[in-house]
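# Residue-level structural notes
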Amino acid sequence: MNDYKIGRVVGVSGERIFISLADHSDGGDTEEGVPPTMIINLPSGTGPAPLLIGQPGTFVSVGLPSGRLLAMITTIDMKESSPLQSEIKNAEVEGDAIIEEHKRVVSAVPVGTLDAAGTFERGADVLPTVNSSAFAVPPATIDSIYRQYADGNFSLGHLSLIPDQQANINLDAFLSRHGAILGQTGGGKSWTVASFLQKIAAFPQSTVVLFDLHGEYASAFGGEADVISGADIELPYWLMNSEELLGLMVDRSESAAPNQIAKFKELLQTAKDRHPENQTLGLDRITIDTPVYFDFSEILNEFRRLDTQMVAGQRGERQGPLFGQFTRLLMRVDSRLNDRRYDLIFHPQTYATSASMEDLFRRLLGETSAAKKKVVIIDLSPVPFDVRNSVISLILRCLFDFSYWYRRVNGASYPIAVFADEAHIYLNDSDSDAASSRESAERIAKEGRKYGISLTVISQRPREVSATILSQCNSFLCLRLSNPDDQSYVRNLLPDSVRGITSMFSTLRRGEGILLGDSVMMPTRIRIDPPNPTPHSEDTSFYATWNEDPEETDVAGVLDAWRRQAVTVA
């Protein structure tokens, strides 16, 4: 264990340690302290190695009765040291000048302890007291800590301040316990996600489902990805459970809602039981939530009949018992049936039988060809806003149910990693329209670990993402966050011992982040490896574009694509 002393502890709070750096001295057999350049020559097996002291994101160790406390530096200050009153009087008597002294004080947050053998453990039973010695931490110690914890050789990049050191992480911990990638616009989220998934796609087999709201990632993974465009995706109504169907049909605030719900469940059960294909499936029983095909028009026709039914009475015909109870329901459903944006749900062409369910799931899992696709991109950019939540909700619920039943059938998991880009839009706590997609994601966040399905949320507005989901995330990759409200929100998600690290969020470069949580042994400032190829998320250069020679703008082509909701390929 390194014994190069750099200073002493001058203050300890619940989550911070303050260290005063000593002046450099090289007398006798030992060298200690930090010169004005802040670079020390640390002894090593190959000779003195230069090491920069005090850089935020680097580490120091502090002496404990039984080992060392490892702490990450967050700030460094130069503070004036006021002379004592006795020193002032002596100087006046002797006629000497008083020289102002400046102390270099480092603030650090504890991350764990090192025992005498160099074994690292998170947390600390005791904190140091004032006057405890502080020591430099060589890169070899950091390397050893990462190797102790990382499972395999999965790395997202390199340590920002030790470029030769790979930032290895425990991928199982990041995925199985859910994670979050947070950062403001321009902080490098798309870049980071593409790099992360390209490394996952390097495994012989993997299954990743990525929700792409802006069509950025289609070209980022080459032949390893299958892009399912929102323009031709089908998620038929018969895959929905009864509650999802009711959400599309029934306004629960209506006085007629109880009658509508009860009658719909009755008709749904009958429609599933009666369909000829379902009678040949050999199922012991079919419930209203069994994913089998049924004729939706059959249910609507019965609603129309009951809504206008006239029955015999003592003085001629009178209105039936449910007359007018379904008028508003039928208006809502008809508006969706006539809205072509809902064709992917109500008018399936490819998946219109119970047998087609296997083909749909193979597509969602990248299993449609001999060469399995490791990343399935759900390109939702062509899907209208008010339909998007229903699509995301259904996909998430289907993936969860598949994982659940796969484990029940096989006794082992089928690992699926779901990456939710722009999660604040459809996993929003305050948006009632996002309730269905948010609830499906919350179920994965709360129960997915048991069945091998993981959720990683990606957002530039963390305070708008479901608190339930973020509370289940145990790893955070935080890119640049300069908004004080977002910083405060993320700070409250973290353990007390590492909250001080959030002060560094606003200083991070593009493509640089701080990774903390269960997937790394200690908080780590890393430089993400560049993706190759990159996603289409680059900033527009106004300067470069406006300096080009003028060209005729194809306004007609743009408007035609807008109307068609598709790009025509010549």
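Bear in mind that the values here come from a model prediction, so they are computed numbers and not experimental data. (Residues numbered from 1 in each chain as written. Predicted model: local features only at pLDDT ≥ 70, side-chain atom pairs only at ≥ 80, totals over all residues. Heavy atoms only, no water.)

## Description of a nonpolar patch on the surface
Put simply, the test is: Patch membership needs two things, relative accessible area over 30% and no salt bridge, and members are linked within 9 Å if like-charged or within 5 Å if nonpolar (Val, Leu, Ile, Met, Phe, Trp, Tyr). Exposure was quantified through the Shrake-Rupley algorithm and a 1.4 Å probe, taking into account, for residues, occlusion by the shown protein chains and nothing else. Any carboxyl oxygen of Asp or Glu that lies within 4 Å of a side-chain nitrogen of Lys or Arg is treated as forming a salt bridge with it. Put simply, DSSP H or I for four residues or longer makes a helix, DSSP E for two residues or longer makes a strand, and each gets a number counted from the N terminus. The buried label applies to any residue whose accessible area, calculated with a 1.4 Å probe on protein chains only, is under 20% of its type's maximum; exposed applies above 50%, and partly exposed to all values in between.
On the surface, a nonpolar cluster with roughly 320 Å² of combined accessible area is contributed by Val555, Leu559 and Trp562. Position of Trp562 relative to the elements: it lies in helix H18 (residues 555–564). With relative accessibility at 61%, the residue Trp562 sits in the exposed group.

## Considering helix H9 (residues 327–337)
Think of an α-helix as 3.6 residues a turn; residues three or four steps apart then line up on the same face. How we decide: This arc is taken over the directions from the axis of the helix to the C-beta atoms.
For H9, every residue scored as buried is listed here: Leu329, Leu330, Arg332, Val333 and Leu337. Down the axis, H9 shows its buried residues gathered within 160 degrees of arc, on one side only. Along H9, exposed side chains directed more than 90 degrees from the buried face belong to Arg328 and Met331.

## Quick look at the layout of surface pockets
Our working definition: Put plainly, a pocket is an open set of points on a 1 Å grid over the protein atoms alone with protein on both sides within 12 Å along at least five of seven lines, a cavity is a set where a 1.4 Å probe fits but cannot get out, and a lining residue has an atom within 4 Å of a point. Grid points are joined across faces, edges and corners, and a volume is the space filled by probe spheres set on the points. Each residue gets one of three labels, nonpolar for Ala, Val, Leu, Ile, Met, Phe, Trp, Tyr, Cys and Pro, charged for Asp, Glu, Lys and Arg, and polar for the others, Gly among them.
What the largest pocket holds in volume is close to 960 Å³. Put simply, the parts of the chain that give the lining of the largest pocket at least two residues each are helix H11 (357–364) and helix H12 (385–410). Top element by residues in the lining of the largest pocket is H12. It accounts for nine residues. Considering only residue class, the lining of the largest pocket consists of 14 nonpolar, five polar and nine charged. In this structure, the second largest pocket spans a volume of roughly 710 Å³.

## Focus: the packing of helix H6 (residues 257–274) against helix H8 (residues 296–307)
Threshold: Only the contacting stretch of a helix is used when fitting its axis, a line to C-alpha atoms as for every element, and angles between N-to-C directions run 0 to 180 degrees. Convention used here: angles under 35 degrees read as roughly parallel, angles over 145 as roughly antiparallel, angles from 65 to 115 as roughly perpendicular, and any remaining angle as oblique. In this scheme the handedness of a crossing depends on how the near helix is turned from the far one: anticlockwise by less than a right angle means left-handed, clockwise means right-handed. Whether two residues touch is decided by their heavy atoms; if any such pair falls within 4.5 Å, the residues are in contact.
Viewed as axis vectors pointing N to C, H6 and H8 meet at an angle of 135 degrees, and their least axial separation amounts to 9 Å. In terms of their interaxial angle, H6 and H8 are classed as oblique. Of the two elements, H6 crosses H8, and the hand of that crossing is right-handed. Every residue of H8 that contacts H6 at Gln260, Lys263, Phe264, Leu267, Leu268, Ala271 and Arg274 is listed here: Glu298, Ile299, Glu302, Phe303 and Leu306. Grouping the amino acids of the contact of H6 with H8 by side-chain chemistry returns seven nonpolar, one polar and four charged.

## Side note on the environment of Asp431
Within the secondary structure, Asp431 sits in the loop between helix H13 (423–426) and helix H14 (435–451). A relative accessible area of 22% means that Asp431 is categorised as partly exposed. When the C-alpha atoms of Asp431 and Phe505 are compared, they prove to be 28 Å apart, with 74 residues separating the residues in sequence.

## Details of the side chain of Ser242
With respect to the helices and strands, the residue Ser242 is situated in helix H5 (residues 242–249). A residue is classified by how much of its surface remains accessible, and Ser242, at 4% relative accessible area, is buried. With residues near it in sequence (within four places) discarded, Ser242 still touches Phe264, Leu268, Ile288 and Asp289.

## Some words on the packing of H8 against H9
The contact between H8 and H9 brings their axes to 10 Å, and the two run at 145 degrees. For the element pair H8 and H9, the recorded crossing hand is left-handed. Across the interface between the two elements, Phe296, Leu300, Phe303, Arg304 and Asp307 from H8 touch Thr327, Leu329, Leu330, Val333, Asp334 and Leu337 from H9. Looking at the contact of H8 with H9 residue by residue, the classes come out as seven nonpolar, one polar and three charged.

## Points about the pattern of salt bridges
Pairing between side chains of opposite charge can happen when the charged atoms of each approach one another. For the structure shown, the criterion picks out 25 salt bridges. In this structure, the salt-bridge partner of Glu266 is Lys263, at a minimum N-O distance of 3.1 Å. Remark: Lys263 and Glu266 occur in helix H6; sequence separation between them is three residues, near one turn of the helix. Here Arg340 makes a salt bridge to Asp343, at a shortest N to O gap of 4.0 Å. Take Arg340: its relative accessible area is 72%, and that puts it in the exposed class. With relative accessibility at 25%, the residue Asp343 sits in the partly exposed group. Where salt bridges share partners, they join Glu244, Arg397, Asp401 and Arg443 into one cluster.

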